[in-house]
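Chain by chain, the residues run as shown.
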Amino acid sequence: MNEIDAIKERHSVRNYKPDRIPADVVEKILAKIDELNQAGNLHLQFIEDAGKTYNKLLNKAMGLGSAPSVIACVGKDAEDLDSRVGYFGEKLVLYAQTLGLNTCWAGTFNRKTIPADIASDERLVISIAIGYGENQGKPHKSKTPEQVMEIQGESGACPEWFRTGVEMALLAPTAINQQKFKIRLNEDESVEFIDEGGVLSQVDIGIIKFHFEIGATYVTDGDGELAKRDS
């Protein structure tokens with residue numbers, strides 16, 4: 001499974017089997033977390049027993065009543081912490097998909113009972129439920145590329161790499177499926193990610209940016225399939 005496959009196959013899953021994640025898979029998750037923590041200057045934590053993290057009535061009302069394990073998304077408090085959590089957390093989410101696991105970004109959870117290690121200068125941004133789902137979830141309703149992309153310059157031409165990046169960004173999970181963002185292609189071919197506000201919008205921007213970066217490395221081949229473009 002490549003990154004594009006993981007993006008297309010991964011959907012938010014809210015109902016989990018009680019099955020524990022096998023030890024060999026946990027080892028892979030922990031190794032990936034170590035890698036991402038170093039790269040993103042974060043303190044992501046895999047907590048094997050989610051305990052009562054998702055046991056409140058509000059969680060159940062929103063459809064997420066339990067999960068065997070949880071990722072606590074923690075880092076030193078900083079202006080860009082939320083966006084880094086989104087970017088590197090989504091790397092972990094897609095990696096989990098390749099391991100046959102299911103996930104759900106969960107902003108509503110019991111912060112008092114989540115068994116996370118949080119230093120005085122750190123902040124717990126969001127949680128990620130992780131385990132084996134009762135199902136594989138389903139695609140969310142999405143905006144069209146034209147609704148979220150802006151192209152600067154007189155020609156208004158949209159390069160294929162940019163459109164593919166936008167298409168992958170639209171498959172990204174966002175808080176309450178708000179998709180409150182724009183992606184702008186400047187005349188010099190630099191790309192801007194514009195936050196239009198909303199709940200956990202900077203986490204969303206980080207997730208969207210990672211999806212875009214993956215998509216922008218692919219083009220459509222002669223068979224109409226996405227393939228890595230030449231660098």
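These remarks concern the structure in this document.

Criteria and cut-off values
- Residues numbered from 1 in each chain as written.
- Predicted model: local features only at pLDDT ≥ 70, side-chain atom pairs only at ≥ 80, totals over all residues.
- Heavy atoms only, no water.
- Buried < 20%, exposed > 50% of the residue type's maximum accessible area, 1.4 Å probe, protein only.
- Helix = DSSP H or I, 4+ residues; strand = E, 2+ residues; numbered from the N terminus.
- Pairing = 2+ DSSP bridges.
- Axes fitted to C-alpha atoms, helices over the stretch in contact; angles between N-to-C directions.
- Parallel < 35°, antiparallel > 145°, perpendicular 65-115°, else oblique.
- Left-handed = near helix turned anticlockwise from the far one by under 90°.
- Contact = heavy atoms within 4.5 Å.
- Disulfide = S-S within 2.5 Å.
- Polar contact = N/O pair within 3.5 Å; in protein donor to acceptor, adjacent residues only side chain to side chain.
- Core = buried A, V, L, I, M, F, W, Y, C linked by side-chain atoms within 4.5 Å.

### Thoughts on the pairing of strand β4 (residues 122-131)
Step number 1: Burial within β4 is extensive, with nine of its ten residues counted as buried.
Step number 2: In this sheet, β4 lies alongside strand β2 (residues 69-76) in antiparallel orientation, the contact comprising eight bridges. Paired with Ala 72 across the bridge in β4 is Ser 127.
Step number 3: One ladder, built from five bridges, connects strand β3 (residues 102-106) with β4; its direction is antiparallel. In the strand pairing of β4, Asn 102 is matched with Gly 131.

### Focus on the packing of helix α6 (residues 160-169) against helix α7 (residues 201-215)
Step number 1: Following both chains from N to C, one finds α6 and α7 inclined at 140°, their axes separated by 7 Å at the closest point. What the angle tells us is that α6 and α7 run oblique. Where α6 crosses over α7, the handedness of that crossing is right-handed. Side by side, α6 and α7 meet where Trp 161, Phe 162, Thr 164, Gly 165, Val 166, Met 168 and Ala 169 of the first sit next to Ile 208, His 211, Phe 212 and Gly 215 of the second.

### Observations concerning the sheet that holds strand β5 (residues 149-151)
Step number 1: Taken in spatial order, the three strands make up an open sheet running β5-β6-β7, and their pairing is mixed. For this open sheet the edge positions go to β5 and β7 (191-195), each flanked by a neighbour on one side alone. Geometrically, the sheet is characterised by an average inter-axis angle of 20° between neighbouring strands, direction not taken into account.
Step number 2: As paired strands, β5 and strand β6 (residues 181-185) are joined by three bridges and run parallel to one another. Bridge pairing in β6 links Met 149 to Ile 183.
Step number 3: Lying over the sheet, α6 contacts β5, β6 and β7, oriented at roughly 170° with respect to β6.
Step number 4: Sheet contacts for α7: β6 and β7; angle to β7, the most-contacted strand, approximately 155°.

### Some details on the state of the cysteines
Chemically, a disulfide is nothing more than a covalent bond linking the sulfur atoms of two cysteines.
Step number 1: Throughout the structure, instances matching the rule amount to zero disulfides.
Step number 2: Among the cysteines around Cys 104, which has no disulfide bond, Cys 73 carries the closest sulfur, lying 12 Å off.

### Quick word on unusual backbone geometry
Step number 1: Of note, Asn 177 is a non-glycine position whose phi angle comes to about 50°, a positive value.
Step number 2: Following the sequence through the fold, Asn 177 ends up in the loop between α6 and β6.
Step number 3: Of note in the backbone geometry, Leu 200 takes a positive phi value of approximately 50° without being a glycine.
Step number 4: Inspection of the secondary structure puts Leu 200 in the loop between β7 and α7.

### With respect to the side chain of Ser 127
Step number 1: Here Ser 127 lies in strand β4.
Step number 2: A relative accessible area of 0% means that Ser 127 is categorised as buried.
Step number 3: Of the polar contacts made by the side chain of Ser 127, one reaches the side chain of Tyr 54; its length is 2.8 Å.
Step number 4: Beyond its immediate stretch of four places on either side in the chain, Ser 127 contacts Tyr 54, Val 70, Ile 71, Cys 104, Trp 105, Ala 106, Phe 109 and Ile 114.

### Considerations on the nonpolar core
Step number 1: Core analysis: the largest hydrophobic core is formed by 49 residues, its most contacted members being Ile 29 and Trp 105.
Step number 2: Elements supplying a minimum of two residues to this core: α1 (3-9), α2 (23-40), β2, α4 (81-98), β4, α6, β6 and α7.
Step number 3: Here this core gets eight residues from one element, more than from any other, and that element is α4.
Step number 4: Grouped together as the second largest cluster of nonpolar side chains are 16 residues, Tyr 16, Leu 64, Phe 109 and Ala 129 included.

So yeah, pure geometry; function would need other evidence.
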